[in-house]
Amino acid sequence: MSGENILIVEDEEDIAELLEYNLQRHDYVATSVGSGEEGLQATRESKPQLVLLDLMLPGLGGLDVCRRLKADPATAGIPVIMLTAKGEEEDIIAGFDAGADDYVTKPFRPKVLLARVKAVLRRGAAKRRNDDEPLTQGPLHIHPGRFEVTVDGLPVELTRTEFRILSFLASRPGWVFTRGQIVKAVHGDDYPVTGRAVDVQVAALRRKLGAGGRMVQTVRGIGYKMDDGTGVDTDPDANADADSDADAGENELADGPK
Ligand code: CA
């Protein structure tokens, strides 16, 4: 579906124009503003269906704009895709922690941009699941209320923390979560979880899930997500690499809790 209003917040005019051009070609209604302050104001006034937000803006920066939009109930539900310089993983993580929904790196490929826009709009339109509702994603079936997981119908034994990480990722398939967000979500268990511990838990989780392990995808340098079957991969190469990393580290994890 097209016709949605998309607000572009970008101070570099040529990039803003290129974004507008590509979105309008695909029947989106795209408008752009050149500063964070204008971005906030325009979002509050015109309530776009999506905001494309550059992080490096003069004055009020993109991260602050994102935080303010997500802190305001009137705009919190509007998805934000941040625009970051290629390879700036710290920016991407900070953006997710500020509440951004996805990111596109500059220079962007139109195909990637449009795929992200489409995916984020579609996710935004999907109804939010009840957290206790059973969920099927690929070969995985997760029953949060019962702490049960099956892969292709066969039960899998997980620790509480592994289960929480899996349920958390599965609650919003396709969404990328940083290690920080995962730690926050599973915190409250009987021991502290660190970012590094998340990697260890995920490696063990994948191993236990067997054929279902591929559903838990690494987004290199950023965090993890549950495969939503859209084929919109954040970085297709990342998973191949990360999987081999995880395999190499598995011997260290052989004493994982049962
Ligand atoms: Ca900029």
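Structure report, in brief. (Residues numbered from 1 in each chain as written. Predicted model: local features only at pLDDT ≥ 70, side-chain atom pairs only at ≥ 80, totals over all residues.)

**Details of the sheet that holds strand β11 (residues 216–219)**
Then step 1. The strand order across the open sheet formed by 3 strands is β10-β12-β11, and the pairing between neighbours is antiparallel. In this open sheet, the two edge strands, each paired with only one partner strand, are β10 (177–178) and β11.
Then step 2. Bridge analysis of β10 against strand β12 (residues 223–226) gives 2 bridges, and the strand direction is antiparallel. By the bridge assignment for β12, Phe177 is matched with Tyr224.
Then step 3. Sheet strands touched by helix α6 (residues 160–171): β10, β11 and β12. Its angle to β12, the strand with the most contacts, is close to 65 degrees. (Pairing = 2+ DSSP bridges. Helix = DSSP H or I, 4+ residues; strand = E, 2+ residues; numbered from the N terminus. Contact = placed C-beta atoms within 7 Å. Axes fitted to C-alpha atoms, helices over the stretch in contact; angles between N-to-C directions.)

**So, α6**
Then step 1. Helix length check: α6 (12 residues) gives 16 Å between terminal C-alpha atoms against 16 Å at 1.5 Å per residue, within 8%.
Then step 2. Most of α6 sits inside the fold, with 9 of its 12 residues counted as buried.
Then step 3. Within α6, the full set of buried residues consists of Thr161, Glu162, Arg164, Ile165, Leu166, Ser167, Phe168, Leu169 and Ala170. (Expected span 1.5 Å × (residues − 1). Buried ≥ 20, exposed ≤ 12 C-beta atoms within 10 Å, placed from the backbone.)

**Observations concerning the sheet that holds strand β7 (residues 140–143)**
Then step 1. With respect to topology, 4 strands assemble into an open sheet ordered β6-β7-β8-β9, the strand pairing being antiparallel. Lying at the two open borders of the sheet, with one neighbouring strand each, are β6 (135–137) and β9 (154–156). Averaged over neighbouring strand pairs, the angle between their axes works out to 25 degrees when direction is ignored.
Then step 2. Packing against the sheet, α6 makes contact with β6, β7 and β8 (148–151), and its axis sits at approximately 105 degrees to β7.

**Let's talk about the packing of α6 against helix α8 (residues 195–209)**
What describes two packed helices is the angle between their axes and the distance between those same axes.
Then step 1. Running from N to C, α6 and α8 cross one another at 90 degrees; their axes reach a closest spacing of 10 Å. When the axes of α6 and α8 are compared, the pair comes out roughly perpendicular. Along its contact with α6, which presents Thr161, Glu162, Ile165 and Leu166, the element α8 presents Val198, Gln201, Val202, Ala204 and Leu205.
Then step 2. Looking at side-chain class alone, the contact of α6 with α8 contains 6 nonpolar, 2 polar and 1 charged residues. (Parallel < 35°, antiparallel > 145°, perpendicular 65-115°, else oblique. Nonpolar A, V, L, I, M, F, W, Y, C, P; charged D, E, K, R; others polar.)

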